[in-house]
Amino acid sequence: MTTIVIGAGIAGLSAGYHLTQAGREVILLEARDRIGGRVWTNRDFADIPVEFGAELIHGAKISTWEWVEKLGLKTVHWQKTDDSMVRLEDGRWMTMREARETSPEFDITRSWILQDIDEPMSEEDLGTYLKRIGFTDEQLRYVQRSYANAEGEAMDKLNAAAHATVLQSSEDGDFSDHRILDGYDSYYNALADGLDIRLNTVVTEIDWSDDVTVKTADGQTFTGDNAVITVTVGVLKANAIQFTPELPQVKHEALAGIDMGPVMKMVYEFEEPILDRSIGAIYAKDSPPMWWSPSLRRDEDTIVWTAFFSGNYAREMLELGEEKALQKGLETLREEVGNPELTYKQARWVNWPQDEFSRGGYSYCLPGHLDARDKLAQPTPPLYWAGEGAAPLDQVAVVHGAYFTGQRAANEIINGGEL
Ligand SMILES: Cc1cc2nc3c(=O)[nH]c(=O)nc-3n(C[C@H](O)[C@H](O)[C@H](O)COP(=O)(O)OP(=O)(O)OC[C@H]3O[C@@H](n4cnc5c(N)ncnc54)[C@H](O)[C@@H]3O)c2cc1C
C-alpha cells in the first residue's frame, strides 16, 4: 500500500509520520526546495532563528508539546493578552492587563468573552455582529487591531458564528503563547526524519479514477493506492492542480465557503535594543498593528522585531511595495517607542499572499459557510484531505490543527477514521 502525500508542510509531515509509524509506504511530494510550508525558520536573516511563518505555540495543552518534550526543546512563555504593550486610542501606552483595568472601552474589546450575549446569525460577519451587540466604533477598531488582525482578515469578512464557536470553546482562557527558542524547524525536521520526501516537485495533475496517478511539472509520474492532499485552500481555489475526474460537488461547496486571508510579516534587525528588553510585544495604534520580538529572553546581542499584519493592513502594504511598506512599518515603530531617529540595520517582508505555493497566509470561513471546513475534510477515497483549511473550527490556522488533520487522514487510511 503506497500513499502519496501532496505537500510537506506540517499536515503532510504529520500524515507521512503517522502512516510510516503504521508500517505504510509513503512518498511526499513538495513543490518548494524546503519542507515546513508555512512554518519556515529562517537562519540567514540574523544570528538568531527568525520565524518567517508560524512563530508561536498557541496554548499549553496541545499536541506540539509532545514533540517539544520528546526533543527537549527550550521554549519561552509569553501571555499576550496580559503582557503585550498596547497604545490606546487616547495615546496612553500600557500593558494589556493594565489597559483592561483602566479603560472600559478597551476592556470590552476582549471579544473572546462573548458568552451570555446574543448568538451571531448564520450569515453575519464579525463586524456587523459586534456592532449589533453594542460595540462602539472605538471598540471595533481595537478588535480589528488585535483579534481580527490575528485571525487573518478584516472583520467584515470573517464569519461571526465561526468565531463565537471558537471563542466559547476556549472558555478556560488558555491564551498563552510559547516560542521555541531553538526554532520551529527543530520540530518539523524531527517530524520529517526518515520520510521519503521529494523536494522541488510541483504536482500539476492528479488522476484518482481508480488508484492515484500524480503528474508533476517536471514530467514525473507517481502512482499510489491513495493520496493525502494537504495543499492550501489558496492553491486548490486557484486550480493549480487538475483533478481527473473533476472533484465532487462537496469540495466545490467547501472551497466556495473558505478563503485565504492575506497574512504577512516584516522582519527588522536593529543594532541596539529599541525598548527595555523585557518588552516582548506591542499592539500599535497605526499599521502594522502587531509587533513582537524573537529576541525576547535571549542572551545574544541580536535584536529583531517582527511586524504581523493581515486583511486591509496587508492589502495596503502590498499596494506600497516592499521598500515603502518597510518604511511605513519603521515609522509606526518610531512612534510607538518614541524615537524618531530609530533606524534599522536590515529588514525584509515575507509575502505569503503572493507566494505561489501558499496563495495567502491562512484560511478563514466566509459568513454563511460554517460547515465548509467539514466538507473540505470529508474523505473521497482514494483521496484524503488534510491541511490547516480542513481543521476543526477550534484548530484552524494553527500548527497543531494542521498536525491533527495529517494524523486524521492517516487514520482514515489505516483504519477507517478511528483516532
Ligand atoms: C505569517 C504566518 C504566521 C503564522 N503564525 C502562526 C503561529 O504563530 N502559530 C501557529 O500555530 N500557526 C501559525 N500560522 C499558521 C500555520 O503556519 C499553518 O496553520 C500551518 O503551518 C499549515 O500547515 P499545512 O501543512 O496545512 O499547510 P502548508 O504549510 O502550507 O503546507 C502545504 C505544502 O504544500 C506545498 N505545495 C503547494 N502546492 C503544491 C504543489 N502543487 N505540489 C506539491 N506541493 C505543493 C507547499 O509548498 C507547502 O509546503 C501562521 C501562518 C502564517 C502564514
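Bear in mind that the values here come from a model prediction, so they are computed numbers and not experimental data.

Student: Mind laying out the domain arrangement of the protein chain, listing which residues take part and the relevant values?
Tutor: Many authors give the size of an interface as the accessible area that is lost as the parts come together. Under the domain assignment, the protein chain is made up of domain 1 (2–39 + 184–259 + 362–415), domain 2 (87–174) and domain 3 (263–351). Placing the centre of domain 1 and that of domain 3 at their C-alpha centroids yields a distance of 33 Å.

Student: Requested: an account of the site of the ligand, with residues and values cited.
Tutor: Of all residues adjacent to the ligand, which total 40 residues, the nearest are Gly-7, Gly-9, Ala-11, Gly-37 and Ala-54. Mapped by element, the contributors of at least two residues to the shell around the ligand are helix H1 (10–21), strand E5 (56–58), strand E17 (263–270) and helix H15 (399–415). Here the element with the most residues in the shell around the ligand is H1; it accounts for three residues.

Student: Tell me about the environment of Thr-232, and name the residues and values.
Tutor: Counting through the fold element by element, Thr-232 comes out in the loop between strand E14 (226–229) and helix H10 (233–237). Under the C-beta neighbour-count criterion, Thr-232 is labelled buried, with 27 such atoms within 10 Å. Counting along the chain gives 129 residues from Thr-232 to Gly-361, while the straight-line C-alpha distance between them is 9.3 Å.

Student: Outline the sheet that holds strand E12 (residues 212–216), listing residues and values.
Tutor: Across the sheet, four strands lie side by side as E13-E12-E11-E15; this open sheet has mixed pairing. The sheet is open, and its two edges are formed by strand E13 (221–224) and strand E15 (242–244), each paired on a single side. Recorded for the sheet is a direction-independent mean angle of 15 degrees between the axes of neighbouring strands. Examined bridge by bridge, strand E11 (residues 203–207) and E12 share four bridges and lie antiparallel to one another.

Student: I'd like a rundown of the packing of H1 against helix H9 (residues 185–192), residues and numbers included.
Tutor: Taken N-terminus to C-terminus, the directions of H1 and H9 make an angle of 35 degrees; their axes are 9 Å apart at the nearest point. With respect to the hand of their crossing, H1 and H9 are arranged in left-handed fashion. Here Ile-10, Leu-13, Ser-14 and Tyr-17 of H1 come into contact with H9, specifically with Tyr-188, Leu-191 and Ala-192. Of the residues contributing to the contact of H1 with H9, the split by class is six nonpolar, one polar and no charged.

Student: Just give me the short version of unusual backbone geometry, but keep the residues and values in it.
Tutor: Cis geometry is found at the peptide bond from Ser-287 to Pro-288, where omega equals -5 degrees. Locating Pro-288 in the fold gives a position in the loop between strand E18 (281–283) and strand E19 (290–292). Cis rather than trans, the peptide bond between Pro-381 and Pro-382 has omega equal to 10 degrees. Within the secondary structure layout, Pro-382 lies in the loop between helix H14 (372–377) and strand E23 (383–385).

Calculation notes
Residues numbered from 1 in each chain as written. Predicted model: local features only at pLDDT ≥ 70, side-chain atom pairs only at ≥ 80, totals over all residues. Domains from an automatic or database assignment. Near = placed C-beta within 6 Å. Helix = DSSP H or I, 4+ residues; strand = E, 2+ residues; numbered from the N terminus. Buried ≥ 20, exposed ≤ 12 C-beta atoms within 10 Å, placed from the backbone. Pairing = 2+ DSSP bridges. Axes fitted to C-alpha atoms, helices over the stretch in contact; angles between N-to-C directions. Left-handed = near helix turned anticlockwise from the far one by under 90°. Contact = placed C-beta atoms within 7 Å. Nonpolar A, V, L, I, M, F, W, Y, C, P; charged D, E, K, R; others polar.

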